[in-house]
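# Topology and contacts: notes
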Amino acid sequence: MTSTSPDLRPAGEQRDIELAIGGMTCASCAMRIERKLNKLDGVTATVNYATEKAKVVFPVGLDPATLVSQVEAAGYSATVPQPESTERKETDAEEDDPTRPLRQRLIGSLVLSVPVIALAMVPALQFTYWQWISLTLAAPVIVWAAWPFHKAAWTNLRHGAATMDTLISMGTLAAFAWSLYALLFGSAGTPGMTHPFELTIERIGGDGNIYLEVAAGVTTFILAGRYFEARSKRRAGAALRTLLELGAKEVAVLRGDREERIPVERLVVGDRFVVRPGEKIATDGVIEEGSSAVDASMLTGESVPVEVGPGDPVVGATVNSGGRLVVRATRVGSDTQLSQMAKLVEEAQTGKAAVQRLADRISGVFVPIVIALAVGTLAFWLGAGGTASAAFTAAVAVLIIACPCALGLATPTALLVGTGRGAQLGILIKGPEVLESTRRVDTIVLDKTGTVTTGKMALIDVHTADGVEPGEVLRLAGALENASEHPIAQAVANGARDRVGDLPSVEGFTNIEGLGVQGIVDGKAVLVGRTSLLEDWSQHLPPTLAQAKAMAEQQGRTAVAVGWDGQARAVLIVADTVKSTSAEAIRQLRELGLTPVLLTGDNASVAKAVAAEVGIEQVIAEVLPQDKVEVVKGLQAEGKVVAMVGDGVNDAAALAQADLGLAMGTGTDVAIEASDLTLVRGDLRVAADAIRLSRRTLRTIRGNLFWAFAYNVAALPLAAAGLLNPMIAGATMAFSSVFVVSNSLRLRGFRSAITAG
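The model shown is predicted, which means the values in this text are computed figures rather than measured ones.

Reading guide: rules and limits
- Residues numbered from 1 in each chain as written.
- Predicted model: local features only at pLDDT ≥ 70, side-chain atom pairs only at ≥ 80, totals over all residues.
- Heavy atoms only, no water.
- Phe/Tyr/Trp six-rings, centres within 6.5 Å; stacked < 30°, edge-to-face > 60°.
- Helix = DSSP H or I, 4+ residues; strand = E, 2+ residues; numbered from the N terminus.
- Buried < 20%, exposed > 50% of the residue type's maximum accessible area, 1.4 Å probe, protein only.
- Lys, Arg positive; Asp, Glu negative; His and termini not counted.
- Salt bridge = Lys/Arg side-chain N within 4 Å of Asp/Glu carboxyl O.
- Polar contact = N/O pair within 3.5 Å; in protein donor to acceptor, adjacent residues only side chain to side chain.
- Pairing = 2+ DSSP bridges.
- Contact = heavy atoms within 4.5 Å.
- Patch = residues over 30% accessible without salt bridge, like charges linked within 9 Å, V, L, I, M, F, W, Y side chains within 5 Å.
- Areas by Shrake-Rupley, 256 points an atom, 1.4 Å probe, with all protein chains shown as cover.
- Expected span 1.5 Å × (residues − 1).
- Bend = angle between axes of the 7 residues up to and from the residue.
- Axes fitted to C-alpha atoms, helices over the stretch in contact; angles between N-to-C directions.
- Parallel < 35°, antiparallel > 145°, perpendicular 65-115°, else oblique.
- Left-handed = near helix turned anticlockwise from the far one by under 90°.
- Nonpolar A, V, L, I, M, F, W, Y, C, P; charged D, E, K, R; others polar.
- Core = buried A, V, L, I, M, F, W, Y, C linked by side-chain atoms within 4.5 Å.
- Domains from an automatic or database assignment.
- UniProt positions renumbered as here; feature names shortened; annotations may be inferred.

To continue, consider the packing of aromatic side chains. Going through the model one piece at a time under the given rule, you end up with five aromatic pairs. With 4.8 Å between their ring centres and 40° between their planes, W178 and Y181 make a pair best called tilted. Of this pair, W178 and Y181 both sit in helix α7 (residues 164–184), three residues apart, which is roughly one turn of the helix. Owing to a relative accessible area of 33%, Y181 belongs among the partly exposed residues under this scheme.

What follows concerns the side chain of D659. Of note, D659 is situated in the loop between α24 (652–657) and β25 (660–664). The buried charged residue D659 lacks any salt bridge partner; its closest oppositely charged side chain belongs to R440, at an N-O distance of 5.0 Å. Among the polar contacts listed, one links the side chain of D659 to the side chain of Q636, at a separation of 3.0 Å. A polar atom in the side chain of D659 sits 2.9 Å from the backbone nitrogen of V642.

Take the sheet that holds strand β9 (residues 292–295) next. Spatially, the three strands line up as an open sheet ordered β10-β9-β12, and their pairing is antiparallel. The strands lining the two open edges of the sheet, one partner per strand, are β10 (306–308) and β12 (319–320). Relative to β10, β9 is paired through three bridges, and the arrangement is antiparallel. Note on β10: the bridge partner recorded for A293 is E307.

The next point concerns the environment of V43. Structurally, V43 is set in the loop between α1 (27–38) and β2 (44–48). Here V43 is in contact with L37, N38, V56, V57, F58, P59, L62 and L67, once residues within four sequence places are set aside.

With that out of the way, let us pick up the side chain of S169. When you line up the elements, S169 lands in helix α7. Look at S169 and you get buried, because its relative accessible area is 6%. Only 2.8 Å separates the side chain of S169 from the side chain of H150, close enough to count as a polar contact. Not counting the four nearest positions on each side in its chain, S169 is found in contact with F149, H150 and A153.

Let's shift gears to a nonpolar patch on the surface. Taken together, the side chains of F706, W707, F735 and F739 define a hydrophobic patch exposed on the protein surface, amounting to about 480 Å² of accessible area. Mapped onto the nonpolar patch, the elements with two or more residues apiece are α26 (685–720) and α27 (726–745). Looking at the element boundaries, F706 is found in helix α26.

Take helix α4 (residues 100–121) next. Taking 1.5 Å of rise per residue, 22 residues should cover 32 Å, and α4 covers 31 Å from first to last C-alpha, within 8% of that figure. At S113, α4 is deflected by roughly 30°, the largest bend along its length, and proline P115 occurs up to four residues later in sequence. Within α4, the full set of buried residues consists of L102, R105, L106, G108, S109, S113, V116, L119 and A120.

Here the focus is the packing of α4 against helix α5 (residues 130–145). At a minimum axis separation of 9 Å, α4 and α5 run at an interaxial angle of 155°. When the axes of α4 and α5 are compared, the pair comes out roughly antiparallel. Pair α4 / α5 crosses with left-handed handedness. Where α4 abuts α5, its residues Q104, R105, G108, S109, L112, S113, P115, V116, L119 and A120 lie against W130, S134, L137, A138, P140, V141, W144 and A145. Of the residues assigned to the contact of α4 with α5, the class counts are 12 nonpolar, five polar and one charged.

With that settled, consider the sheet that holds strand β8 (residues 284–289). Spatial ordering of the open sheet is given by β6-β5-β7-β13-β8-β11, a layout of six strands whose pairing is antiparallel. With partners counted over all chains shown, the strands left at the sheet margins are β6 (258–263) and β11 (313–314), one partner each. Examined bridge by bridge, strand β5 (residues 250–255) and β6 share six bridges and lie antiparallel to one another. Residue E250 lies in a different strand from β6, and its bridge partner there is P263.

A word on the environment of A390. Positionally, A390 belongs in helix α13 (residues 388–402). In this structure the C-alpha to C-alpha distance between A390 and G722, which are 332 residues apart in sequence, comes to 7.7 Å.

Comment: phi is negative for the bulk of residues other than glycine, and the bulk of peptide bonds are trans. A positive phi angle, near 70°, is found at Y129, a position not held by glycine. By relative accessible area, Y129 is classed as partly exposed at 44%.

Attention now moves to the pairing of strand β13 (residues 325–331). Residues in a regular strand point their side chains to alternate faces of the sheet. Where strand β7 (residues 272–275) meets β13, four bridges bridge the pair, whose relative direction is antiparallel. Within β13, the position partnered with F273 by the bridge is V327. In this sheet, β13 lies alongside β8 in antiparallel orientation, the contact comprising five bridges. Bridge assignment links V286 to a residue of β13, and that residue is R328.

Among the nonpolar cores identified, the biggest contains 47 residues, and L446 and L662 are the most heavily contacted of them. The element that contributes the greatest number of residues to this core is α26, accounting for nine residues. Two domains each donate at least three residues to this core, and these are domain 2 (99–237 + 351–413 + 701–747) and domain 4 (428–452 + 579–680).

Bringing the UniProt feature "transmembrane region" (unreviewed entry) in the chain into the picture now. The residues that UniProt annotates with the feature "transmembrane region" (unreviewed entry) are residues 106–123, 129–147, 167–190, 210–228, 362–384, 390–417, 704–721 and 727–745. Helix makes up 75% of residues 167–190 and strand 0%, with an end-to-end C-alpha separation of 31 Å. Between the first and last C-alpha atoms of residues 704–721 the distance is 27 Å; the span itself is 94% helix and 0% strand.

In structure tokens, the structure reads:
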């Protein structure tokens, strides 16, 4: 749910703050806090249930403590997050795991509930005094394991609200309280009491029956759903941490004539630092000495390494592929491009609050009605002259038949089966919020590098002068390039090795920065690199090779000239190649009703050539990371529901902004964390499978919710009329749960549309 509310700030200076919110149990909690904060004059708040944060814009004169107090007045906690060091995050990651208490409650509840349910449902297991053993086992489940539900219900009650937690708490406590009454004051506690599993409709007193298995079973099922939900929520904030961790940790700063290694946090603007080949550039700056090729693909999407020299700007976190550089820092800390991208991701995620679950929306109306019906049933039977036992039995039956076991299972079981099947097919679905977006998506924006293409430079063609054998060219050029660490050189070397086998050794190898390499191979003086390098040695390309070079560059490819013994002999074409499966993937996406758009930071000629090859008509090229976000926003402003597929850091903010983000699992962790769906196999055809699976999982969840709700509607009048005892209510609830689970298990039969081979 992307917030698009207009800016209603009053005239005057504003500031913003981010609060960490505690105590939220559902999306309605986030909405309640949001409404409470927005009641303050001049305050505009957006509360994100998934990340448990509130972004608040407020007048400068307002004390932030007032905001915290306002949240606490709503029944929740709020704190201003303090910056933490990387070391603390790494060492305390396990200690700060918020899912651990929930996991402990789930395991404890499961261990204790299984024997309680077995004893109640299987008369053969009901030994003398079995009911007291059940009470002993069930009590910790209902009191300790279900404590989060009771606590949330009490908080909601204090603020005049009712949610799923209210119904869970009331249903389990009512079943437990009645069981306790039947054991202590009724006939259920007598030695040798049996609990036959009978489905009869009749008016009964009920003081001979216990419903501990209902209370324990409901608690366990609902805890399981909450635990898996909490696990997916915990990952919501990981994108920012991963993004910031991409940067260098240490840097070699020049102090006079010597180098001193310091943490990158201590860098200040104006510091001169050294970047050796293979190292990450510590921060944004300008090159003062040296020249090299910088691999910026993770940040810019540009597949070809950029040649840089003195006076050229460089960006932190990019990789120095070639020579030694001396860089002067121009931006540090939060001013760097990497930090600005992290801010983009954060803003996009904050604006995309979790979709309020359908079950919560139902319970918002359903819960108060059920409670009123249970109280009304009790009052009616007492007023009509019925016994207190019969009146309480009917009221408890109403609460138990309405207890949302199937409603609680509807989403997590379908999600677990769907995500499990997805994992087998190389698809990771992060949570139920994702599924709603897949149903509505009509436009899919595709990053080029690493998504439609392989993202790696490869040798794709060899053009030779008359009388020159391609094999000879590859042997000599490949051997020379093999001695270089430049990405294009490695592409040539790998391509040559694949085609001609082992490469000869090189003598007198020299790297001429920014131009190419030279050396002696098999007694021949070989030059490989730019045409200007060969021209310096009076080796000019013949017309056929010049034409091949011009045509390749027109298509956005890289042309590498090769010459030896005084003559230009060949031109090697290197490019980022299109994946063999991309064209089929585009066809499948169109069949799902999606319009593909190619979006890339690469140049227009490359993008158009790739688009034409795979069948994409709309191309947007030469865009910066922040421009990608604006493109997605622009499409959304046109009324389109946008999916985004990408794999690089430069895609992370756009993935978070899109209605549905799909990350290639072969890409960076940042893109994966910022996305909604991850395609582990790196095959774009899996994107079509992911959308089909997500849509089918959503249909299953909706079907589960319908039947779970329908059985409540059908059975509630029977319970209120006193014709449905709590035992049948519990059995009916169990049947609905079995139906929901069985319906969810059908997702295991989902098949990929990818053809074998």
